[in-house]
Amino acid sequence: MLSPAELDRLRVVLVDARNPLNIGAAARAMSNFGFSRLRVVNPYELAFRKARSAVGASDLLAAAEQYNSVADAVADCASVIGTTAVRHRELQHPLRRLDEDAGGAIRKQLQSENVALLFGSEKFGLSNEDLSHCHWLVRIPTREQHISMNLGQAVAVCLYELIRTPPAKGPAVRGKPARAGEVERITEALIDALCLSGYVKRGSGISTKTKVRRVVRRLNLAAADTDMWLGMLRQILWKLRSEKQ
């Protein structure tokens, strides 16, 4: 079993949830397994309000935190993990099966750091923009002929696996990892510098931004290095802006 501190470090993040029954089922699954940190990003307002009356999880739902963006919802997390049914999309992230090493890897991270577990909308899952905030992805090993699961059921299966799986073994990570909010500030500064330098055209679309965000996350920056990265990028931005005046 996870300790109370480990349970508190997991953030279950529902992105663009639409059905109040699914939101209620997800909250109930969290309550079943002892998790309490529910976050919702851009929920369909009517669905979210109705879900707050869900039987057995009303207190958890009442305490749910609501955000306008994935970036804000995961800002205090050192690791962001997305869930996907894969389908035919081309993934740009490492993908792990929940029944193999994924559960243990998440358990290991929860020993010392906040972790966000993202679930997408019932109809479309997580968008490429949502996925760009993730460090890696996990999938539930359903049969190929029917790979998509109900949102509430997917949350329940993932949380059960976390409860039953021992932490992964391996060497200790050197240095405290940077949190997602710090990494996002570095990403935004880098994108501004790339736009000012002409490497990237402003208004070039979400795809360029998501590509840059994925590249930055693959660096696995340490918390101790974030101030230096921001300082360097801000100096570059100051120089580029002064030259354009």
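Since the structure is predicted, the reported quantities are computational estimates derived from the model, not experimental observations.

S.K.: Looking at this structure, how should I read the pattern of salt bridges?
M.R.: As a working rule, side chains carrying opposite charge can pair if their charged atoms are close by. Tallied over the full model, the rule gives 14 salt bridges. A salt bridge links R213 to E184, with the shortest nitrogen-to-oxygen separation between them at 2.9 Å. Placement of the pair is R213 in helix 10 (residues 206–218) and E184 in helix 9 (residues 180–197), with a sequence separation of 29 residues. The pair formed by R213 and E184 is uniform in burial state, with each residue classed as buried. One network of salt bridges, with partners in common, ties together D8, R11, R37, R39, E65 and D76.

S.K.: I tried to follow the packing of aromatic side chains on my own but got confused; where do I start?
M.R.: Here the distance between the centres and the angle between the planes together describe a pair of aromatic rings. All told, the structure shown has 1 aromatic pair when counted by the stated rule. Taken together, a centroid distance of 6.1 Å and an interplanar angle of 50° make the contact between F33 and Y160 tilted. Pair noted here: F33 is in helix 2 (residues 20–33) and Y160 is in helix 8 (residues 151–164), with a separation of 127 residues, a long-range link. Sitting over the face of the ring of W136, R96 holds its NZ or CZ atom 4.3 Å from the ring centroid.

S.K.: Even after reading the chapter, I still don't get the pairing of strand 6 (residues 115–119), so can you show me in this structure?
M.R.: The element strand 6 is extensively covered by neighbouring structure, given that 5 of its 5 residues are classed as buried. Neither face of strand 6 is exposed, since V115, L117 and F119 on one face and A116 and L118 on the opposite face are all buried. Here strand 1 (residues 10–15) pairs with strand 6 via 5 bridges, running parallel. Looking across to strand 6, one finds that V13 is bridged to L118. Sheet topology note: the strand 4 (residues 79–83)/strand 6 ladder contains 4 bridges and is parallel. Looking at strand 6, one finds that S79 is bridged to V115.

S.K.: Help me out: how do you make sense of the packing of helix 2 against helix 8 in this one?
M.R.: When two helices pack together, their arrangement is given by the angle between the helix axes and the distance between those axes. Viewed as axis vectors pointing N to C, helix 2 and helix 8 meet at an angle of 15°, and their least axial separation amounts to 7 Å. Compared by their axis directions, helix 2 and helix 8 come out roughly parallel. Of the two possible hands of crossing, helix 2 and helix 8 adopt the one that is right-handed. Residues N22, A25, A26, A29, M30 and F33 of helix 2 touch helix 8, and the partners they reach there are L151, G152, V155, A156, L159, Y160 and I163. Residue composition of the contact of helix 2 with helix 8, by class: 11 nonpolar, 2 polar and no charged.

S.K.: Is there a simple way to think about the nonpolar core in this case?
M.R.: Within soluble globular proteins, side chains that are nonpolar generally end up buried alongside one another. With 40 residues, the main nonpolar core has L10, V12, L14, F35, L38, F119 and V155 as its most contacted residues. Looking at this core, the element that brings in the most residues is helix 8, giving 7 residues. Excluding residues that lie within four positions of it along the chain, L10 makes contacts with F35, R37, L110, V115, L117, L159 and L162. Grouped together as the second largest cluster of nonpolar side chains are 17 residues, A178, I186, L194 and V200 included.

Parameters at a glance
- Residues numbered from 1 in each chain as written.
- Predicted model: local features only at pLDDT ≥ 70, side-chain atom pairs only at ≥ 80, totals over all residues.
- Heavy atoms only, no water.
- Salt bridge = Lys/Arg side-chain N within 4 Å of Asp/Glu carboxyl O.
- Helix = DSSP H or I, 4+ residues; strand = E, 2+ residues; numbered from the N terminus.
- Buried < 20%, exposed > 50% of the residue type's maximum accessible area, 1.4 Å probe, protein only.
- Phe/Tyr/Trp six-rings, centres within 6.5 Å; stacked < 30°, edge-to-face > 60°.
- Lys NZ or Arg CZ within 6 Å of the ring centre and 35° of its normal.
- Pairing = 2+ DSSP bridges.
- Axes fitted to C-alpha atoms, helices over the stretch in contact; angles between N-to-C directions.
- Parallel < 35°, antiparallel > 145°, perpendicular 65-115°, else oblique.
- Left-handed = near helix turned anticlockwise from the far one by under 90°.
- Contact = heavy atoms within 4.5 Å.
- Nonpolar A, V, L, I, M, F, W, Y, C, P; charged D, E, K, R; others polar.
- Core = buried A, V, L, I, M, F, W, Y, C linked by side-chain atoms within 4.5 Å.

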